[in-house]
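As a plain string of letters, each chain reads:
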Amino acid sequence: MTGIDPRTVLLLTGALGGFMAVVLYLLRLNYPPAIKGLGEWALSMALGLVAGLLFTAVGKIPVLLSVTLPTITYMAAAYISYMGTQRFFGVAPRPLPWVIWICLAVLGSTWFLFVDPSYSSRLRLNLVVMLSLFVAQGSLIYQKSRHSYAGRTTLVILTIATAIHLMRLVSTFFYPVGSSVMDPSLPSVVYITVYSFLVPIGAISQVIMATERLRAELEHVATHDSLTDAYTRRYMNEAIQRELERCTRHGRSMSLMLLDIDHFKSVNDVLGHQAGDQVLVQLVARTNQHLRNADLLGRFGGEEFVVLLPETSLDVARVVAERIRMSLAETTGPTVSIGITTNRAEGDTVDSLLARADAAMYRAKNNGRNRVEVT
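Summarised in this report is the structure supplied together with it. Since we're looking at a predicted model, the values are computed, not measured.

**Here's the deal with the packing of helix α1 (residues 6-30) against helix α2 (residues 38-55)**
At step 1: As a packed pair, α1 and α2 sit with axes 8 Å apart at the nearest point and diverge in direction by 160°. By the angle class used here, α1 and α2 are roughly antiparallel. Crossing of α1 over α2 shows left-handed handedness. Between α1 and α2, the contacting residues are Leu10, Leu11, Gly14, Ala15, Gly17, Gly18, Met20, Ala21, Leu24, Tyr25, Leu27 and Arg28 on the first element and Leu38, Gly39, Trp41, Ala42, Met45, Ala46, Leu49, Gly52, Leu53 and Phe55 on the second.

**Overview of unusual backbone geometry**
At step 1: Despite not being glycine, aspartate 229 shows a phi value in the positive range, around 70°.
At step 2: If you trace the backbone, aspartate 229 turns up in the loop between α7 (186-223) and α8 (233-250).
At step 3: When its relative accessible area of 42% is taken as the criterion, aspartate 229 is described as partly exposed.
At step 4: Positive phi, close to 65°, is recorded for arginine 369, a residue that is not glycine.
At step 5: One can find arginine 369 in the loop between α12 (350-366) and β5 (372-374).

**As for the sheet that holds strand β1 (residues 254-261)**
Strand pairing in a sheet takes place through backbone hydrogen bonds and is either antiparallel or parallel in direction.
At step 1: Strand order across the open sheet formed by five strands is β2-β3-β1-β4-β5, with mixed pairing between neighbours. Edge positions in the sheet fall to β2 (296-301) and β5, since each has one partner strand and no second. Each neighbouring strand pair of the sheet contributes to a mean axis angle of 20°, computed without reference to strand direction.
At step 2: Pairing between β2 and strand β3 (residues 304-310): five bridges, direction antiparallel. Paired with glycine 298 across the strands is valine 306, a residue of β3.
At step 3: Strands in contact with α8 are β1, β2 and β3; relative to β2, the strand with the most contacts, it is inclined by about 130°.

**Some words on the pattern of salt bridges**
At step 1: For the structure shown, the criterion picks out 13 salt bridges.
At step 2: Close ionic contact of aspartate 260 with lysine 365 constitutes a salt bridge, the shortest N to O distance being 2.7 Å. One end of the pair, aspartate 260, is in strand β1; the other, lysine 365, is in helix α12, and 105 residues separate them in sequence.
At step 3: By relative accessible area, which is 10% here, aspartate 260 ends up buried.
At step 4: Between aspartate 295 and arginine 292 there is a salt bridge, and its shortest N-O distance comes to 2.7 Å.

**Thoughts on the side chain of threonine 232**
At step 1: Looking at where threonine 232 falls in the secondary structure, it is placed in the loop between α7 and α8.
At step 2: A relative accessible area of 18% means that threonine 232 is categorised as buried.
At step 3: With residues near it in sequence (within four places) discarded, threonine 232 still touches Ala222, Thr223, His224, Asp225 and Arg299.

**A few points about the pairing of strand β4 (residues 336-342)**
At step 1: For β4, a buried count of seven out of seven residues is recorded, marking the element as mostly surrounded by other parts of the structure.
At step 2: Side chains Val336, Ile338, Ile340 and Thr342 project from β4 onto one buried face, and the interleaved Ser337, Gly339 and Thr341 project onto a second face that is buried too.
At step 3: Direction of pairing for β4 relative to β5: parallel, over a ladder of three bridges. Bridge pairing links isoleucine 338 to valine 372 in β5.
At step 4: Taken together, β4, α12 and β5 constitute a β-α-β crossover, and its handedness is left-handed.

**Quick notes on the environment of serine 188**
At step 1: One can find serine 188 in helix α7.
At step 2: As for serine 188 and serine 118, which are separated by 70 residues in sequence, their C-alpha atoms are 16 Å apart.

**Remarks on the nonpolar core**
At step 1: Ranked by size, the top nonpolar core spans 57 residues in total, and within it Leu24, Tyr31, Leu38, Tyr79, Tyr82, Leu133 and Val181 carry the most contacts.
At step 2: Looking at this core, the elements with two or more residues in it are α1, α2, α3 (63-88), α4 (95-115), α5 (119-145), α6 (149-171) and α7.
At step 3: Ranked by residues supplied to this core, first place goes to α5 with eleven residues.
At step 4: Once residues within four sequence positions are removed from consideration, tyrosine 79 is found in contact with Gln86, Pro93, Arg94, Pro95, Trp98, Ile102 and Leu133.

**A word on a nonpolar patch on the surface**
At step 1: Where nonpolar side chains cluster on the molecular surface, the patch consists of Ile61, Val63, Leu64, Leu65, Leu69, Trp111, Phe114 and Val115 and spans about 710 Å² of accessible area.
At step 2: Looking at the nonpolar patch, the elements that each hand over two or more residues are α3 and α4.
At step 3: Considering each element in turn, the nonpolar patch owes the most residues, four residues, to α3.
At step 4: Position of leucine 64 among the secondary structure elements: in helix α3.
At step 5: Note on leucine 64: relative accessible area 52%, which makes it exposed.

**A look at the packing of aromatic side chains**
Each aromatic ring pair is specified by the distance between its two centres and by the angle formed by the two planes.
At step 1: Applying the stated criterion across every chain yields a total of six aromatic pairs.
At step 2: For the pair tryptophan 41 and phenylalanine 88, a centre-to-centre distance of 5.2 Å together with 35° between the ring planes defines the contact as tilted. Here the residue tryptophan 41 occupies a position in helix α2, and phenylalanine 88 occupies one in helix α3, the gap between them amounting to 47 residues.
At step 3: Residue classification places tryptophan 41 among the buried positions, given a relative accessible area of 0%.
At step 4: According to the relative accessible area criterion, phenylalanine 88 is buried, its value standing at 4%.

Cut-offs used in this document
- Residues numbered from 1 in each chain as written.
- Predicted model: local features only at pLDDT ≥ 70, side-chain atom pairs only at ≥ 80, totals over all residues.
- Heavy atoms only, no water.
- Axes fitted to C-alpha atoms, helices over the stretch in contact; angles between N-to-C directions.
- Helix = DSSP H or I, 4+ residues; strand = E, 2+ residues; numbered from the N terminus.
- Parallel < 35°, antiparallel > 145°, perpendicular 65-115°, else oblique.
- Left-handed = near helix turned anticlockwise from the far one by under 90°.
- Contact = heavy atoms within 4.5 Å.
- Buried < 20%, exposed > 50% of the residue type's maximum accessible area, 1.4 Å probe, protein only.
- Pairing = 2+ DSSP bridges.
- Salt bridge = Lys/Arg side-chain N within 4 Å of Asp/Glu carboxyl O.
- Right-handed = clockwise from strand over helix to strand, strands pointing away.
- Core = buried A, V, L, I, M, F, W, Y, C linked by side-chain atoms within 4.5 Å.
- Patch = residues over 30% accessible without salt bridge, like charges linked within 9 Å, V, L, I, M, F, W, Y side chains within 5 Å.
- Areas by Shrake-Rupley, 256 points an atom, 1.4 Å probe, with all protein chains shown as cover.
- Phe/Tyr/Trp six-rings, centres within 6.5 Å; stacked < 30°, edge-to-face > 60°.

By themselves these figures say nothing about function.
Here it is, written out as structure tokens:
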């Protein structure tokens, strides 16, 4: 026996869970649609609140409402939370196996409630279902987000929750479990109390994950062109400046490439701006196929693009440019003219590099277009 009332613990947990459900739902309403899973997480917390309230009514209302229904609700809440995590990471949920698994567990729990009454058997079934869901959710987060702060925090919480459920499962074979979830024995109270603390903490970790994703989305919007997903001019200017300073310090080489689509105005005039937009998108996609991870491609405005090639000599840059030019020339769309330059002296600036690359690009235009010029 302990001095802690399980009903009080469940009621407090339900109140915190309900509050976090509201928080998650408000995030869903206000965060970008690209951040998915918040609705499922909110629903999961709300269902947890309902399950907790029904469990506290054991002995006061019919067992179908105080045992069977909250058991179903509790398992559904855990699965919906896992589904939300899947959607958050862009993984298509596969509910059928889990629905079958939960239904079998509910049928078994109902059997041990009405046909062959055994609270210990019901408890073990419930714990096994929860353990399987925790392991599945933890595995997904480990694969997708173990390197982020929010991902690591959520993994720690899930690991603790898994350990608690596992210890509770093992304890059912060595200690009396009583007749219901409201049993005041020490193992039952410790399990309920510790797990109740983890519920709001788990919801907070989900809020942190969503906030991290929002920050990443905002950073992406601030640094990437909305149409082509190439880097913005401002970001490229800063990146070129950083690379130029690094090259100056360490005596390294870098190359800069300016690409301009030939006769792009005629594409817009004849085929329309949507066709022109598609040309820009395709150019970025094809150009990226010939670049390394360290290389950067940015849109400088209109049909003009810049490519930063760190640790690249002028000769190598020309080879890369020719590959890009030939790749684009093979398509049915317009060709490109490309100008290339490299850093030359300590006095080089971003403007001087861009000016030289621009002059080379215009020389390519004047010499017939669909060609590469070097300066």
